[in-house]
Amino acid sequence: MRIDHIFISHLHGDHYLGLPGLLFSYHLLGRTRKLTIYSPPGLQEIIEVQFAISGLVPSFPIEYHVIEQGESLVFEDRNLEVESIAMMHRLPAYGFLFREKESLRNMRKEAIKRYQIPVEQIANLKAGKDFITPDGQRISNQELTLAPPPPRSYAFCSDTGYTEQYIHQISGADLLYHEATFLQDKADIAREKTHCTTLDAAQIARKAGVKRLMLGHYSARYDDMQLFLLEASSVFPDTMLAEEGLRVEIGWK
């Protein structure tokens, strides 16, 4: 019930078929708060057919945001921006780049006391302005404030064949989730189905200069996931495996 925004990469069933059930559950639980869903064209029609056939009028408003191109701003609030990333797949598909906005600077408490800075000046100083004392002396902002932590970023890339078209967009991301459906011995099948191998994902991570790589979207034909980790780590050492329920802290270390 805390979820207000849902991002759907593309309309192959394994990426959206769980959504109708979730929406029905929200209705049964009495949700009233608006839900925004971001996806390529067609999802609204799919959901509304489900509602129509079952005679359901949801208890909460749903806003559909249609994505039709990469590198477009699809969401923004005062703390965060989300951009679409164009994937290369059999259907229109998009990844998502979640990027924090630059935070305000932090006041040095001792500086407030030393220069007797009025409360009404604090906002200006946090925004980076210098302080002018009553006698006209200019105190540099660096002396009064501390820089905030650098903005963090998370790139989600699934599903896609190997392409370098979005490397510039995900450059330097703190964490990159990238599909690695197949091990390298199935590279021919990966190309045929427009998916990536472990080494494809690792090459993207290395060329983009990301800090960490998380692999996911494994083919059901594999049982030993450690093979994915071993292959990718040979190219990009800071690699990890996506697992259900896993929580990962990024940045600010």
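Because the structure is predicted, anything quoted here is derived from the model rather than measured. (Residues numbered from 1 in each chain as written. Predicted model: local features only at pLDDT ≥ 70, side-chain atom pairs only at ≥ 80, totals over all residues. Heavy atoms only, no water.)

Caption draft 1: Region of interest: the overall build of the chain. Tallying secondary structure elements over the chain gives 9 helices and 14 strands in all. Its C-alpha radius of gyration of 23 Å places the chain more than 25% over the 18 Å reference for a compact globule of 253 residues. Principal-axis analysis of the C-alpha atoms gives the chain an extent of 75 × 55 × 30 Å. Burial statistics for the chain: of 253 residues in total, 41% are counted as buried. A sequence separation of at least 24 residues applies to 65% of the contacts in the chain between residues at least 6 apart. Carbon and sulfur atoms make up 52% of the accessible area of the chain, which totals about 14000 Å². If you average the places of the 27 positive and of the 33 negative side-chain charges in the chain, the two averages end up 8 Å apart. (Helix = DSSP H or I, 4+ residues; strand = E, 2+ residues; numbered from the N terminus. Rg over C-alpha atoms; globule rule 2.2 N^0.38 Å. Buried < 20%, exposed > 50% of the residue type's maximum accessible area, 1.4 Å probe, protein only. Contact = heavy atoms within 4.5 Å. Areas by Shrake-Rupley, 256 points an atom, 1.4 Å probe, with all protein chains shown as cover. Lys, Arg positive; Asp, Glu negative; His and termini not counted. Charge placed at Lys NZ, Arg CZ, Asp CG, Glu CD.)

Caption draft 2: View of the pairing of strand β11 (residues 153-157). The side-chain alternation of β11 yields one buried face, formed by Ser153, Ala155 and Cys157, and one unburied face, formed by Tyr154 and Phe156. By the bridge criterion, 4 bridges tie strand β6 (residues 94-100) to β11 in an arrangement that is antiparallel. When the sheet's bridge partners are listed, Leu97 is paired in β11 with Ala155. Where β11 and strand β12 (residues 175-179) come together, 4 bridges link them in parallel fashion. Bridged to Tyr154 within β12 is Leu175. (Pairing = 2+ DSSP bridges.)

Caption draft 3: Local environment of the sheet that holds strand β1 (residues 5-7). Here we have 3 strands laid out as an open sheet, ordered β1-β2-β3, and parallel in their pairing. Looking at which strands have only one partner, the edges of the open sheet turn out to be β1 and β3 (62-66). Within the sheet, the average angular offset between the axes of one strand and its neighbour, ignoring direction, is 20°. Here 5 bridges tie strand β2 (residues 35-39) to β3, and the two strands are oriented parallel to one another. If you follow Tyr38 over to β3, its bridge partner there is His65. Sheet strands in contact with helix α1 (residues 19-28) are β1, β2 and β3, and its direction is about 170° off that of β2. The sheet contacts of helix α2 (residues 43-54) involve β2 and β3, and relative to β3 the element is tilted by about 150°. (Axes fitted to C-alpha atoms, helices over the stretch in contact; angles between N-to-C directions.)

Caption draft 4: The nonpolar core, seen in detail. Ranked by size, the top nonpolar core spans 29 residues in total, and within it Ile170, Leu176 and Leu215 carry the most contacts. Where this core is concerned, the elements lending two or more residues are β11, α6 (167-170), α7 (187-192), α8 (198-208), β13 (213-216) and α9 (226-233). Among the elements that line this core, the one with the most residues is α8, at 5 residues. Among residues more than four places away in sequence, those in contact with Leu215 are Tyr177, His178, Ala180, Ala201, Phe228, Ala232, Thr239, Met240, Leu241 and Ala242. Within the second largest apolar cluster, 15 residues are counted, among which are Tyr16, Leu23, Leu43 and Ile47. (Core = buried A, V, L, I, M, F, W, Y, C linked by side-chain atoms within 4.5 Å.)

Caption draft 5: Highlighting the sheet that holds β13. Spatial strand order, β4-β5-β6-β11-β12-β13-β14: 7 strands in an open sheet with mixed pairing. Across the chains shown, the open sheet's two edge strands, defined by having one partner strand only, are β4 (73-76) and β14 (239-241). Put simply, the sheet's adjacent strands are angled 20° from each other on average, direction ignored. Its contacts with the sheet put α8 on β12 and β13, and the angle it makes with β12 is roughly 150°. Running at roughly 165° to β14, α9 makes contact with β13 and β14 of the sheet.

Caption draft 6: Inspection of the packing of aromatic side chains at higher detail. Counting across every chain of the model gives 9 aromatic pairs. A ring pair is formed by Phe24 and Phe51, whose centres lie 5.6 Å apart and whose planes are at 55°; its orientation type is tilted. Note that Phe24 is positioned in helix α1 and Phe51 in helix α2, a separation of 27 residues in sequence. Residue classification places Phe24 among the partly exposed residues on the basis of a relative accessible area of 25%. An aromatic cluster is defined as three or more aromatic residues linked by ring pairs; in this entry it consists of Phe7, Tyr38, Phe96, Phe98 and Tyr154. The ring of Tyr26 carries Arg31 above its face, with NZ or CZ at 4.7 Å from the centroid. Sitting over the ring of Phe60, Arg31 keeps its end group 5.6 Å from the ring centre. (Phe/Tyr/Trp six-rings, centres within 6.5 Å; stacked < 30°, edge-to-face > 60°. Lys NZ or Arg CZ within 6 Å of the ring centre and 35° of its normal.)

Caption draft 7: A look at the packing of α8 against α9. Contact geometry of α8 with α9 gives a least axis separation of 8 Å together with a crossing angle of 45°. The orientation of α8 with respect to α9, classified from their angle, is oblique. Note on packing geometry: the crossing formed by α8 with α9 is right-handed. Counting all contacts with α8, which are made through Thr198, Leu199 and Ala202, the residues of α9 involved are Phe228, Glu231 and Ala232. Across the contact of α8 with α9, the residue classes tally to 4 nonpolar, 1 polar and 1 charged. (Parallel < 35°, antiparallel > 145°, perpendicular 65-115°, else oblique. Left-handed = near helix turned anticlockwise from the far one by under 90°. Nonpolar A, V, L, I, M, F, W, Y, C, P; charged D, E, K, R; others polar.)

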